[in-house]
Amino acid sequence: YDEMSSISQIPLLKASNLEDGGTGAITDGTSFGSQEEVAACKSLRLVEKFAKCCAKEGNEVGINWTFSPVSDIDYNYLNPIMNIRTFGSDPELVKAYATAYMKAVQDQGMISCAKHFPGDGVDYRDQHLHPTVNSLSNSKWYETYGNIYKSLIDNGILSIMVAHILAPNVVKDYNDKSKDITLPGSLNRTLLKGVLRKRLNFNGLIVSDATI
C-alpha cells in the first residue's frame, strides 16, 4: 500500500471487509464479533463501539474504505452466507444498527459501503456463485430493504455495494416495460439508475460485488 501510494498522483482507495472487527484488515486484529453476535446484545451503544473498533484498526494499517455494514435481513435460515453476517431478521433493528454502524465508521474518517443491494437473505442460494432472487413484493421491499437503504442514504453513506441479486417486483413497479426484469442488480440499469439513484436519491459511489 505504501509503495503504491507513493507513485499514485491521487489518494488510493484501500478496501477491506471490516465486518467483525479489525480481523478484516489484519490477521492479528481484534475479533470483536459477528454482526449477529453484536445485535444479540440489543445495544446501540455496543454497535457504535463495534464500528469504531473496525474503523480504528483498519485506519492503523491504511484502510480507508470498508465493505460494511452488511445491511441484509436474515429471512431465510437456509441462506448459506447471510445468517451470522446480518444484524438479524427484524428490519427495524437492522435499519437502526446498520445506520449507527455506518455513521460511527464515517466519523472515524473511513468510507462505509453498505451491502448487498437490492438485498440478500430471502433466497436460499449464494449470490456469489449464481444469480439469486429477492422475491418480496414491491411494497414489502420498500418497507424493509428499501427502508434500510433510505435510512443509510439519508444519513450520508458514501458507497453501496450491488450484488448479483434480482428484484423483479421492484423493477416491474418502477417501469413495467423494462427489459431489466431478468437481470441481477449488478447489471440492472432500472435498479441502479432508477430505484437507487432517483427514487432513493443516492449520489455516492456504486461498487459491484460480482467480481467473478
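Above this text is the structure in question.
Rules of the game
Residues numbered from 1 in each chain as written. Predicted model: local features only at pLDDT ≥ 70, side-chain atom pairs only at ≥ 80, totals over all residues. Heavy atoms only, no water. Helix = DSSP H or I, 4+ residues; strand = E, 2+ residues; numbered from the N terminus. Rg over C-alpha atoms; globule rule 2.2 N^0.38 Å. Buried < 20%, exposed > 50% of the residue type's maximum accessible area, 1.4 Å probe, protein only. Areas by Shrake-Rupley, 256 points an atom, 1.4 Å probe, with all protein chains shown as cover. Lys, Arg positive; Asp, Glu negative; His and termini not counted. Charge placed at Lys NZ, Arg CZ, Asp CG, Glu CD. Salt bridge = Lys/Arg side-chain N within 4 Å of Asp/Glu carboxyl O. Core = buried A, V, L, I, M, F, W, Y, C linked by side-chain atoms within 4.5 Å. Contact = heavy atoms within 4.5 Å. Pairing = 2+ DSSP bridges. Axes fitted to C-alpha atoms, helices over the stretch in contact; angles between N-to-C directions. Phe/Tyr/Trp six-rings, centres within 6.5 Å; stacked < 30°, edge-to-face > 60°. Parallel < 35°, antiparallel > 145°, perpendicular 65-115°, else oblique. Left-handed = near helix turned anticlockwise from the far one by under 90°. Nonpolar A, V, L, I, M, F, W, Y, C, P; charged D, E, K, R; others polar.

With that settled, the discussion passes to the overall build of the protein. The number of helices and strands found in the protein is eight helices and seven strands. Over its C-alpha trace the protein gives a radius of gyration of 17 Å, about what one expects of a compact globule, namely 17 Å for 212 residues. Dimensions along the principal axes, computed over C-alpha positions, put the protein at roughly 50 × 45 × 30 Å. The buried share of the protein, reckoned over its 212 residues, is 50%. As displayed, the protein offers around 10300 Å² of accessible surface, 52% of which is attributable to carbon and sulfur atoms. Taken together, the 21 basic and 24 acidic charged side chains of the protein have centroids lying 9 Å from each other.

Quick look at the pattern of salt bridges now. Close approach of charged atoms lets side chains of opposite charge pair. Counting across every chain of the model gives seven salt bridges. A salt bridge links Asp123 to Arg125; the shortest N-O distance between them is 2.8 Å. Where Arg199 meets Asp173, a salt bridge forms, and the shortest distance between an N and an O atom there is 3.0 Å. Remark: Asp173 occurs in helix H7 (residues 168-174) and Arg199 occurs in helix H8 (residues 189-199); sequence separation between them is 26 residues.

Counting residues in hydrophobic clusters, the biggest one holds 42 residues, and the most contacted among them are Phe87, Tyr101, Phe117 and Leu196. Breaking this core down by element, the ones donating at least two residues are helix H2 (35-40), helix H3 (44-60), helix H4 (91-107), strand E3 (111-117), helix H6 (145-154), strand E5 (159-162), H7 and H8. At eight residues, the largest contribution of residues to this core is made by H4. The residues touching Tyr101, leaving out its near neighbours within four places in the chain, are Leu18, Val47, Phe50, Ala51, Cys54, Thr66, Ser68, Pro69 and Phe87. With five residues, the next largest nonpolar core counts Trp65, Cys113, Met161 and Val207 among its residues.

A word on the sheet that holds strand E2 (residues 65-66). The five strands are arranged E1-E2-E3-E5-E7 in an open sheet whose pairing can be described as parallel. Among the strands making up the open sheet, the edge pair consists of strand E1 (15-16) and strand E7 (205-208). Note: E1 against E2, two bridges, orientation parallel. Residue pairing across strands places Ser16 opposite Thr66, the latter belonging to E2. H6 rests against E3 and E5 of the sheet, and its axis sits at about 165° to E3.

Bringing the packing of aromatic side chains into the picture now. If you walk through the whole model with that rule in mind, you get eight aromatic pairs. Aromatic side chains Phe117 and Trp141 sit 6.0 Å apart centroid to centroid with 85° between the ring planes, which places their arrangement in the edge-to-face category. In this pair, Phe117 is assigned in strand E3 and Trp141 in helix H5 (residues 138-143), connecting sequence segments 24 residues apart. Residue Phe117 is classed as buried on the basis of its relative accessible area, which comes to 0%.

This next bit is on unusual backbone geometry. In this model, Ser68 is joined to Pro69 through a cis peptide bond whose omega is 15°. The residue Pro69 is located in the loop between E2 and H4 in this model. Of note, the bond from Lys115 into His116 is cis; its omega dihedral lies within 30 degrees of zero at 10°. One can find His116 in strand E3. A positive phi angle, close to 50°, is found at Lys42, a residue other than glycine. Relative to the elements of secondary structure, Lys42 occurs in the loop between H2 and H3. The exposed category is assigned to Lys42, whose relative accessible area is 61%.

Our focus in this paragraph is the packing of H4 against H6. Two elements in contact, H4 and H6, have axes whose closest approach is 9 Å; the angle formed by their N-to-C orientations is 25°. When the axis of H4 is compared with that of H6, the two are roughly parallel. The element H4 and its partner H6 pack so that their crossing is right-handed. Residue-level contacts link Pro91, Glu92, Val94, Lys95, Ala98, Thr99 and Met102 of H4 to Asn147, Ile148, Ser151 and Leu152 of H6. Its residues placed into classes, the contact of H4 with H6 shows six nonpolar, three polar and two charged.

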